[in-house]
Structure formats: C-alpha cells, structure tokens
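Residue-level structural notes
For reference, the chains in residue letters:
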Amino acid sequence: MALLDKEHLRRNLDEVIWNIEKARITVSEHHIVQLIAVGKYTEVDNISTLYALGQRAFGENQVQQLKERMGALEELPLEWHMIGSLQKNKINNLIDLRPNLMQSLDSMNLATELNKKLVSKETKMNCLLQINAAAEAKKSGVKPDEAFDIYQQIKESCPHINLKGVMTIGAHTKDEKRIQKSFETTHNIYEKLKNEGASICSMGMSSDYTLAIKCGSNLIRVGSSLFK
Ligand SMILES: *Cc1c(COP(=O)(O)O)cnc(C)c1O
C-alpha cells in the first residue's frame, strides 16, 4: 500500500472511464454504467483523493474496514457498497452502517437472517442477489438455475430487503470464453428479473470489466486498476 498522488490517480481514473466509454457504446449510446471504486487494497487517503477527482461511490469487502472508512470519511458525501461475504455475526454491524447497497446477498439463509435483524431494527436494506455463475466450489452465491426462484422467494418472505438486481464475480480463469459465459448467464437471469423490478446488473472487476459491460453489466467494481 502506498500513497498515490493526485495526477497519478487522475490518469488511472481517466483510463478506466475511457475504457468504460468504449465498451458501453458497443451496447447502446443509452447504456449507462456506474463505477464503484473498490478501496480494499488501498489507503484511505487515496479514497479521498479519488473523491476530489469526482468519484463518489466506493466499495469494501469487509464490514470492519467499511466501518473504519465510513467513519474516517464521514464528512464526504460518499455512496458506500458492501461487496464481500457477510458473516452472520456481522449483520447487526452492517445494518448500523446503513450502506447504500449490499451486493453480496448469497443465500436464502442469509436473507432470512438479515431480514429478521432488519425487522427488529425497523429499517430496510438495498441488496443484490449474488450469483455463482460458473458454479465454482470456492465462490459464494446462488446457483444460476435457482437464482430466479430464490429472488422471488426473498421478495415474498423478506419484506425488509429491497432487492435491486444481481451481482456476480466473473469465472476465475484466463479463458475469456468461460468468463464471458459466466457474465452471459448472469445477464440472462437479470433480464428475466427486470419484470420483478431488478435494475442493477453488477459484473466486472479490473481484469474483466470491459467484457462484462459488453455482456450488459451496468455496475462495475474496480479496485486494482484505479489504485495501481
Ligand atoms: C476486490 C473486489 C473487487 C475489485 O477487484 P479488482 O480486481 O481489484 O478490481 C470487485 N468485486 C469484489 C467482490 C471484490 O472482492
């Protein structure tokens, strides 16, 4: 971890924005993509520099780190996303942080627990259903063939969870065809869920965000390319 100067971060951000622009235009000139800057590998000062350059939405993959950063940067009008696996014993902490979007709701079981605690705290949370699109053993998320039913089940039985769409992490491989397939699988589910009110399809990280956008992603989570 190192402190990056403003001009350095500006070049990184410009490059990512330019790549987004080139990819999104292949989908449609009306296709808008939101960029979430993932700060988990970088220092908090680099986050405030990126804010000064115009970036507003940030993501963290651990509740503790999210809490520290939200606290350190509370003066700034930032949008915060939780993007990592949520352990059951951290649910209350996350609720108290009131993140804008919790992207990693990865099972019916977690949804039930989260809903219970949201009810007792009399609040709601915006969430995405995480899909394990390539059915990888090490990855969390629901199976693609169960995603549609689980999404509806959560909507019916967890009224304090506002489901906004889906999230996936691209297949862990160098084989671009397989990565593309995992994005297409997720985007197909998203298309079906639009009738259920889904509006966010979160796919793409530093190594694969242009491919994800071409497959229909409208929210990307980028860390290393911004803070390298
Ligand atoms: C770390 C992380 C990212 C960003 O990864 P980079 O490869 O650094 O861009 C995106 N999504 C999730 C869920 C992550 O944990």
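As annotated in an unreviewed UniProt entry, the protein chain carries the name Pyridoxal phosphate homeostasis protein and comes from uncultured Sulfurovum sp. UniProt, in its Sequence similarities (unreviewed entry) section for the protein chain, records the words "Belongs to the pyridoxal phosphate-binding protein YggS/PROSC family." Taken verbatim from the UniProt record of the protein chain, the Function (unreviewed entry) comment is "Pyridoxal 5'-phosphate (PLP)-binding protein, which is involved in PLP homeostasis."

1. Remarks on the overall build of the protein chain
For the protein chain, the count of helices and strands is 8 helices and 8 strands. Rg of the C-alpha trace for the protein chain: 17 Å, near the compact-globule value of 17 Å for 228 residues, within the 12% margin. The principal-axis extents of the C-alpha atoms in the protein chain amount to approximately 50 × 40 × 35 Å. Looking at the protein chain as a whole, 50% of its 228 residues are labelled buried. For the protein chain, the computed accessible surface area is about 11300 Å², with 46% contributed by carbon and sulfur atoms.

2. Concerning the packing of helix 1 (residues 6–27) against helix 2 (residues 44–52)
The angle between the axes and the distance between the axes are what describe a pair of packed helices. At a closest axis distance of 10 Å, the pairing of helix 1 and helix 2 adopts a crossing angle of 65 degrees. Here helix 2 runs roughly perpendicular to helix 1, going by the angle between their axes. When you trace helix 1 past helix 2, the crossing you get is right-handed. Facing helix 1, whose interface residues are Lys-6, Leu-9 and Leu-13, helix 2 presents Asn-46, Thr-49, Leu-50 and Ala-52. A per-class count over the contact of helix 1 with helix 2 returns 4 nonpolar, 2 polar and 1 charged.

Quick notes on the rules
Residues numbered from 1 in each chain as written. Predicted model: local features only at pLDDT ≥ 70, side-chain atom pairs only at ≥ 80, totals over all residues. Heavy atoms only, no water. UniProt positions renumbered as here; feature names shortened; annotations may be inferred. Helix = DSSP H or I, 4+ residues; strand = E, 2+ residues; numbered from the N terminus. Rg over C-alpha atoms; globule rule 2.2 N^0.38 Å. Buried < 20%, exposed > 50% of the residue type's maximum accessible area, 1.4 Å probe, protein only. Areas by Shrake-Rupley, 256 points an atom, 1.4 Å probe, with all protein chains shown as cover. Axes fitted to C-alpha atoms, helices over the stretch in contact; angles between N-to-C directions. Parallel < 35°, antiparallel > 145°, perpendicular 65-115°, else oblique. Left-handed = near helix turned anticlockwise from the far one by under 90°. Contact = heavy atoms within 4.5 Å. Nonpolar A, V, L, I, M, F, W, Y, C, P; charged D, E, K, R; others polar.

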